[in-house]
Amino acid sequence: MEKLTFSTNWNGKLWADCFTTIRLYNPNKYKIGEKFEIWLKKDFMHKAIVLDVKKLKMSELNNWICALDTGYNLAETQNVLKTMYKDNEELKKTGDLTLSYVLLKKLKG
């Protein structure tokens, strides 16, 4: 089972039964039914399954998505993404990123 590591428990989401993550678009990694071990830095939190994935551009994010996912507003979330992915070629070329908005559900047991 692949690890999905978080540097921060944005908005306390890793304690919820269902939570989201915004990642660089990767249809081979983020797909419905895929299971992950969820890690916060070096600490194992739980296992989770992907319920849904939406492909979107960073420019398509809105305050609803950002507030629920990160606890930040749109501009702050976009700045976080630009910092995290500063070496990404798409970002350098277009100023935008293609993202996977992933909905996960904590697995019990």
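This is a predicted model, so every value here is computed, not measured. Residue numbers restart at each chain and count upward from 1, following the sequence in its written direction. Totals for whole chains, interfaces and linings use every residue, but because this is a predicted model, local features are given only for residues with pLDDT of at least 70 and side-chain atom pairs only at 80 or more, for both listing and counting. Hydrogen atoms and water are omitted, and side-chain values are computed over all heavy atoms in the structure.

(A) Spatial organisation of unusual backbone geometry. The phi angle at Asn-11 is positive, at roughly 60 degrees, despite the residue not being glycine. The secondary structure listing takes helices from DSSP runs of H or I that are at least 4 residues long and strands from runs of E that are at least 2 residues long, numbered from the N terminus. Mapping Asn-11 onto the fold places it in the loop between strand S1 (2-6) and strand S2 (18-24). What makes Asn-11 partly exposed here is its relative accessible area of 46%. Although it is not a glycine, Lys-41 adopts a positive phi angle of roughly 55 degrees. Exposure classes here rest on a 1.4 Å probe applied to the protein chains alone. A residue is buried below 20% of its type maximum, exposed above 50%, and partly exposed in between.

(B) Layout of helix H1 (residues 63-70). Buried residues of H1: Ile-65, Cys-66, Asp-69 and Thr-70, and no others. Angular distribution of buried residues about the axis of H1 spans 95 degrees; they occupy a single face of the element. For H1, the exposed residues lying more than 90 degrees away from the buried face are Trp-64 and Leu-68. Note on definitions: a residue-residue contact is assigned when non-hydrogen atoms from the two residues lie within 4.5 Å. Close packing links the buried residues of H1 with S2, strand S4 (43-57), helix H2 (74-84) and strand S5 (98-107). Any pair of N or O atoms that falls within 3.5 Å is considered a polar contact. Within protein, one atom must be able to donate a hydrogen and the other to accept it, and sequence-neighbouring residues count only if both atoms are side-chain atoms. Regarding H1, its N-cap is Asn-62, as a side-chain oxygen of that residue lies 3.0 Å from the backbone nitrogen of Trp-64 further along. Once H1 ends, the next one or two residues include Gly-71, with phi positive near 85 degrees. Throughout, the arc means that of the directions going from the helix axis to the C-beta atoms.

(C) Expanded view of the environment of Lys-108. With respect to the helices, strands and loops of the structure, Lys-108 is situated in the segment after S5. Lys-108 gets classed as exposed once you look at its relative accessible area, which sits at 64%. Sequence separation between Lys-108 and Tyr-72 is 36 residues, and the spatial gap between their C-alpha atoms is 29 Å.

(D) Looking closely at the sheet that holds S2. Strand pairing follows a simple DSSP-based rule, namely that at least 2 bridges must link the two strands. Ordered in space as S1-S3-S4-S5-S2, the 5 strands form an open sheet in which the pairing is mixed. In this open sheet, the two strands that pair with only one neighbour each are S1 and S2. Mean inter-strand twist for the sheet, computed between neighbouring axes without regard to direction, equals 40 degrees. Looking at chain direction, S1 and strand S3 (residues 35-40) are connected through 5 bridges and run parallel. Looking at S3, one finds that Lys-3 is bridged to Glu-37. Axis lines are fitted to C-alpha atoms, over the contacting stretch for helices. Their N-to-C directions set the angle, which ranges from 0 to 180 degrees.

(E) A look at H2. Along H2, the residues classified as buried are Thr-77, Gln-78 and Leu-81. In a view along the axis of H2, the buried residues occupy a sector of 100 degrees, so they form one face of it. Residues of H2 that are buried make contact with S2, H1 and S5. Sitting at the head of H2, Asn-73 places a side-chain oxygen 3.1 Å from the backbone nitrogen of Ala-75.

(F) Representation of the packing of aromatic side chains in the model. In summary, the pairing rule links any two rings of Phe, Tyr or Trp, Trp by its six-membered ring, whose centres are within 6.5 Å, and it sorts them by plane angle into stacked for under 30 degrees, edge-to-face for over 60 and tilted for everything else. On inspection of all chains with the given rule, the structure shows 4 aromatic pairs. With a centroid separation of 6.0 Å and 35 degrees between ring planes, the pair formed by Tyr-30 and Phe-36 is classed as tilted. Like Phe-36, Tyr-30 is buried. Note on Trp-39 and Phe-44: the rings are 5.6 Å apart at their centroids and 70 degrees apart in plane angle, and the pair reads as edge-to-face. Residue class for Trp-39 comes out buried when judged on its relative accessible area of 17%. Lysine NZ or arginine CZ positioned within 6 Å of the ring centre and within 35 degrees of the ring normal marks a charge as sitting over the ring. Here Lys-3 stacks its cationic end above the ring of Trp-39, 4.1 Å away from the centre of that ring.

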